[in-house]
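Chain residues, written in single-letter form:
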Amino acid sequence: MDAADCSWSGWVWLSWVLLAARGVGVTTRSASETSAASVANKVNALMAQMTIDEKLGQLQQQVPQPPGVLETQAKNGMLGAVLDLTGATNINALQHVAVDQSRLHIPLIFGLDTIHGYSTIFPIPLGEASSFDPSIGRTDASVGADESAHNGIKQVFAPMIDVSHDPRWGRVAEGAGEDPFLGSAFAVARVMGSQDNAAGKQDMASADKVIATLKHFVAYGQPEGGRDYNTADMSIQRLWNLYLPPFKAAVDAGVGSVMSAFDALNGVPSTANPYTETQILRTQWGFQGFIDSDYTAVQELIAHGLAADGADAARLALNAGTDMEMVSTNYVTFGKQLLAQRLISQQTIDNAVRRILTIKYEAGLFDHPYVDVSQVAAHTLTAADRAAARSAADRSMVLLKNAGNALPLSSTLPSIAVVGPAANSQQEILGTPGIGAQGQAADAVSVVAGIKAAVPGTTVTYAPGCIDGTGAADQTCASNAGFHAAVTAAQSAAVTVVVVGEPAAMSGEAESRSNIDLIGQEQHLVDAIKATGRPFVVVLMNGRPLTIPALDAESPAILEAWFPGTEGGNAVADILFGKANPGGKLPDTFPQNLGQIPLYYNHDSTGRPPDPNNKYTSKYNDGPFTPLYPFGYGLSYTTFGFSNPVISSTTMRSTGSVTVSVNVQNTGARTGDEVVQLYIHDPVASIVQPVRRLQGFQRVTLTPGQTTTVKFTLNRNSVGFFDNNGKFVVEPGTIEAYVGDSSTAPLVGSFSVV
Ligand code: GLC
């Protein structure tokens, strides 16, 4: 039995991340009091000189306007931040106006949606969550920060850490899936990648670091009907147990800003919600940064029916704790009158300005307001960044089915047909458009290009299968006009790779779907390829779980590639030909049909758990109640065995800990990765507990025959939960432990909290 496969430092880092994830945060804000004190002195000295207009100006964040508009606002000190302006030269030009021509020379913050890369696009975050390797999130955020900062962007509107149970919601693509523990680990890793240098020290002022922005605060990922921007309404215990944990973990990691969400939470819009923005985020958690509204979310308080007009919206948002107004202009328009009417206090305005100026100092903007244009090329789309993106994509893919070891394919096949409208697209491979920052299709490697590069000796033919009236690939697959050509290609090829899923343009913000089947005629395209009787495998490109029971039933092999980014085609080929062995696991449940939604692994037991043999239990009378693929599921080109689970003690004091260890062996013939997962269940508690809660995961690489021991530590933060007062409680009693390769892992034992 070998020593634990992962390095000691890896354990330490991961333990720290997971401790942070459970709120045992080891804050990484700049530790030296002197720097904090000096910043405070500078901020106070500057604020003492500011007029009320200049203070309100710092609260305004604006998008590019017709020539001269922003320059005038900047010159008059009526602008604090800009989003969506790109290009180092453009940014420097506007920054010079703000710094050189305004009365107090306060620099602007330039922000952008660098969600999974700036020019080097990594897999979509839901894909990276599939790796169950938070270090990938850190690398992605670090590369994104380096490219963004060297292109003049100093605030990224990332990480998006909304837990969601609803794949109809298009923005599941941007998050880390349905589980708060996995989501917390990725949230912390991404904040560290954006803000902290290798030493784990907060260093937003570094030339390759940025201000991260947690979003969307909070519970935006649980809109009714999966319809974007819709109401989120839930118990306080669910809010605390499922949706807040990633934010708490990332606040403890020292994030610089938080973005308030579009949703109304329990009847109160998140952009004017004193409970979440002030009581939780500031008073209970001690968040030091600033709260940025989402795009016109302050103005939208009127449409919500909370505010009577713009002045009311400004009053409600400012008093709740929203410091900066994105795009709408109610703060600068009505701030002075609200002050005069004593509807907001000078203290409230000063607090908001102070938080923003503090972050500007901590981000080094006063010392280094300009970006060095000569450095842009050296820090954009480098070979190292591409390699990191390819590795991330390799590790993010999930093998969903592999009957008869249809995969990996031989590298010496005489011919391969590639079919599907996205297979030859450099745009689709980049994924969800709204979060693509500056990613360029021209820089991307399509699946066809990746396959051709991987097997130069093989004849590779391509047929879109789905074409429009001009014969070009149709990503919506509205017609079967191209099926014949695809079938012909398949009939004369040794194997066919069918690439199906959903169009990238139908993923992301404002892309909720009321049907999450394969898009258009794509299922029929697979049927047609199947009907040829020739060997085929399927590659999925999608930004959310899809309902694909027919595809699962008829396909020999299915590889979930998500939208794998700039190097995605090479990564798909890496997996298809076995250069990389897929080791990803699903961060989101795949339902069998739409009617099952919401369907998630960490559900309550109910008083009548579903029993196929008992009518009067919680299930459907017209279909299955189980998922197609459960949370944490994923196959490999090899196999693994678990043995010798050990729980270190039969009891755990509420202030103590127990360890749960298990041996895992590679029982196959090929080196591969397994993600060992630990779930707990509290069978008796004052609030009914989920049937499973992920409380540990570790991805290990094992050579054939190799065994390693994976050990997890559980403590009060693992077994406790929040009650309906938002109070964290640890109750005595039995805790069951489940360990294995997915959320269906078997019971390995139990211990008692005393
Ligand atoms: C959008 C999104 C948010 C994004 C912001 C700026 O509406 O909700 O995630 O960061 O506006 O683009």
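Parameters and conventions
- Residue positions are given per chain, counting from 1 as you read along its sequence in written order.
- Where local features are concerned, this predicted model is filtered to residues with pLDDT of at least 70; where side-chain atom pairs are given and counted, the filter is 80 or more; whole-chain, interface and lining totals use all residues.
- The basis for every side-chain value is the complete set of heavy atoms in the structure, and neither hydrogens nor water enter the calculation.
- Think of a 1 Å grid over just the protein atoms. A cavity is a set of points where a 1.4 Å probe fits yet cannot get out, a pocket is an open set with protein on both sides within 12 Å along at least five of seven lines, and lining residues have an atom within 4 Å of a point.
- Grid points are joined across faces, edges and corners, and a volume is the space filled by probe spheres set on the points.
- Helix and strand labels come from DSSP, where a helix needs a run of H or I of at least four residues and a strand needs a run of E of at least two; each type is numbered from the N terminus.
- Under this grouping Gly is polar, as are all residues other than the nonpolar Ala, Val, Leu, Ile, Met, Phe, Trp, Tyr, Cys and Pro and the charged Asp, Glu, Lys and Arg.
- Sulfur atoms of two cysteines make up a disulfide when they are within 2.5 Å.
- Accessibility here uses a 1.4 Å probe with only protein chains present; expressed as a share of the type maximum, an area under 20% marks a residue as buried, one over 50% as exposed, and anything in between as partly exposed.
- At least two bridges found by DSSP between two strands is the condition for calling them paired.
- A cutoff of 4 Å decides nearness: a residue is near a molecule or strand if any of its heavy atoms lies inside that distance of it.
- As used in this structure description, the phrase polar contact means that two N or O atoms lie within 3.5 Å; if the pair is within protein, one of them must be able to donate a hydrogen and the other to accept it, and residues adjacent in sequence are counted only when both atoms belong to side chains.
- Only the protein chains shown count as covering a residue, and every accessible area follows the Shrake-Rupley method with a 1.4 Å probe.
- Domain extents, as shown, originate in an automatic or database domain assignment.
- Any two residues whose heavy atoms approach within 4.5 Å at even a single point are treated as in contact.
- By buried area we mean the combined loss of accessible area, with a 1.4 Å probe, across both parts when two parts are placed together.
- By salt bridge we mean one thing: a side-chain nitrogen of Lys or Arg within 4 Å of a carboxyl oxygen of Asp or Glu.
- Axis definition: a line fitted to C-alpha atoms, over the contacting stretch in the case of helices. Angles run 0 to 180 degrees between N-to-C directions.
- Roughly parallel means an angle under 35 degrees; roughly antiparallel means over 145; roughly perpendicular covers 65 to 115; every other angle is labelled oblique.
- Crossings are classed by handedness, with left-handed meaning an anticlockwise turn of the near helix from the far one by less than a right angle and right-handed meaning a clockwise turn.
- With its strands directed away from the observer, a crossover is right-handed exactly when the path from the first strand over the helix to the second travels clockwise.
- Each helix should span, by expectation, one fewer than its residue count multiplied by 1.5 Å.

Next up on the list: empty space enclosed by the protein. For the structure on display, the rule yields 6 cavities of 30 Å³ or more. Computed from the structure, the largest cavity encloses a volume of approximately 250 Å³. Every residue lining the largest cavity is counted, 23 residues in all, and those nearest its centre are Pro 180, Asn 241, Leu 242, Pro 690 and Arg 693. Those elements that provide at least two residues to the lining of the largest cavity are α8 (180-195), α9 (236-243), β21 (693-702) and β23 (721-722). Broken down by element, the lining of the largest cavity gets its largest block of residues, 5 residues, from α9. Class assignment for the residues of the lining of the largest cavity results in 12 nonpolar, 6 polar and 5 charged.

Roughly 640 Å³ of volume is contained in the largest pocket. Partitioned by chemical class, the residues of the lining of the largest pocket number 11 nonpolar, 9 polar and 3 charged.

The tally for this structure, following the rule as stated, stands at 1 disulfide. Between the sulfur of Cys 466 and that of Cys 477 lies a disulfide, 2.1 Å long from S to S. In this structure the cystine formed by Cys 466 and Cys 477 twists about its S-S bond by roughly -60°; its chirality is therefore left-handed. Remark: Cys 477 occurs in the loop between β13 (459-463) and α18 (483-491) and Cys 466 occurs in the loop between β13 and α18; sequence separation between them is 11 residues. Assigned by exposure class, Cys 466 and Cys 477 land together as buried.

Taken in spatial order, the 5 strands of this open sheet run β4-β3-β2-β1-β10, and their pairing is parallel. Of all strands in the sheet, those with a lone pairing partner are β4 (155-156) and β10 (325-326), marking the two edges. Note that strand β1 (residues 60-62) and strand β2 (residues 81-83) share 2 bridges and pair parallel. Residue pairing for β2: Gln 61 is matched across the bridge by Ala 81.

In the segment running from Ala 158 into Pro 159, the intervening peptide bond is cis, with an omega of 10°. Locating Pro 159 in the fold gives a position in the loop between β4 and α8. Here the bond from Phe 217 into Val 218 is cis, since omega is 5°, no more than 30 degrees from zero. Structurally, Val 218 can be placed in the loop between β5 (213-217) and α9. The phi dihedral of Ala 510 falls on the positive side, at around 60°, and the residue is not glycine.

Looking now at the site of the ligand. Taken together, the neighbourhood of the ligand is formed by Leu 83, Asp 113, Phe 157, Arg 171, Lys 215, His 216, Met 259, Phe 262, Asp 294, Tyr 295, Met 326 and Glu 509. The side chain of Lys 215 places a nitrogen or oxygen atom 2.8 Å from an oxygen atom of the ligand. The side chain of Asp 294 places a nitrogen or oxygen atom 2.7 Å from an oxygen atom of the ligand. For the ligand, the accessible surface in isolation is 310 Å², of which the surrounding protein chains cover 92%.

Annotation of the protein at the domain level lists domain 1 (382-595) and domain 2 (640-753). Here the C-alpha centre of domain 2 lies 34 Å away from the C-alpha centre of domain 1. If you look at the interface, domain 1 gives 7 residues, while domain 2 gives 9 residues. In this assembly, domain 1 packs against domain 2 so that about 670 Å² is buried in total across both faces, 38% of it on carbon and sulfur atoms. Of all residues in domain 1, the largest losses of buried area upon contact with domain 2 belong to Arg 395, Asn 581 and Lys 585, amounting jointly to 68% of the total for that side. Counting across the interface, domain 1 meets domain 2 through 2 salt bridges. In this structure, Lys 585 and Glu 674 form a salt bridge, with 2.7 Å as the shortest nitrogen-oxygen distance. Viewed at the interface, domain 2 and domain 1 are joined by 6 residue pairs in polar contact (both at pLDDT 80 or more). Per-class residue counts for the side of domain 1 that touches domain 2 are 1 nonpolar, 4 polar and 2 charged.

Relative orientation of the contacting elements helix α7 (residues 134-150) and α8 amounts to 30°, with a least axis distance of 7 Å. What the angle tells us is that α7 and α8 run roughly parallel. Considering only the axes of α7 and α8, their crossing is right-handed. In this structure, α7 uses Pro 134, Gly 137, Arg 138, Asp 140, Ala 141, Ser 142 and Ala 145 to contact α8, whose residues at the interface are Ala 185, Phe 186, Ala 189, Arg 190, Met 192, Gly 193 and Ser 194.

Right, let's get into the side chain of His 216. Locating His 216 in the fold gives a position in strand β5. Looking at His 216, its side chain comes within polar contact range of the side chain of Asp 162, at 2.7 Å. If near-sequence neighbours (up to four positions away) are discounted, His 216 is found in contact with Met 160, Asp 162, Arg 171, Phe 247, Met 259, Ala 261 and Asp 294.

Bringing the pattern of salt bridges into the picture now. All chains considered together, the criterion is met by 22 salt bridges. We note a salt bridge from Glu 509 to Arg 171, for which the minimum N-O separation is 3.6 Å. One end of the pair, Glu 509, is in the loop between β14 (495-501) and α19 (522-531); the other, Arg 171, is in the loop between β4 and α8, with 338 residues separating them in the sequence. The exposure class assigned to Glu 509 is partly exposed, which follows from its relative accessible area of 37%. Using a relative accessible area of 4% as the deciding quantity, one classes Arg 171 as buried. Asp 252 serves as the salt-bridge partner of Lys 248, at 2.5 Å between the closest nitrogen and oxygen.

Let us now look at the pairing of strand β3 (residues 109-112). The side-chain alternation of β3 yields two buried faces, one formed by Ile 109 and Gly 111 and the other by Phe 110 and Leu 112. Following the backbone out of β2, through helix α5 (residues 88-101) and into the adjacent parallel β3, one traces a crossover that is right-handed. The pairing of β3 with β4 spans 2 bridges and is classified as parallel. Paired with Leu 112 across the two strands is Val 156, which belongs to β4.

Moving on to helix α15 (residues 346-362). Taking 1.5 Å as the rise per residue, α15 with 17 residues should run 24 Å; its terminal C-alpha atoms sit 24 Å apart, in good agreement. Of all 17 residues in α15, 12 are buried, a share of seventy percent or more. Looking one or two residues beyond α15, the residue adopting positive phi is Gly 364, at roughly 75°.

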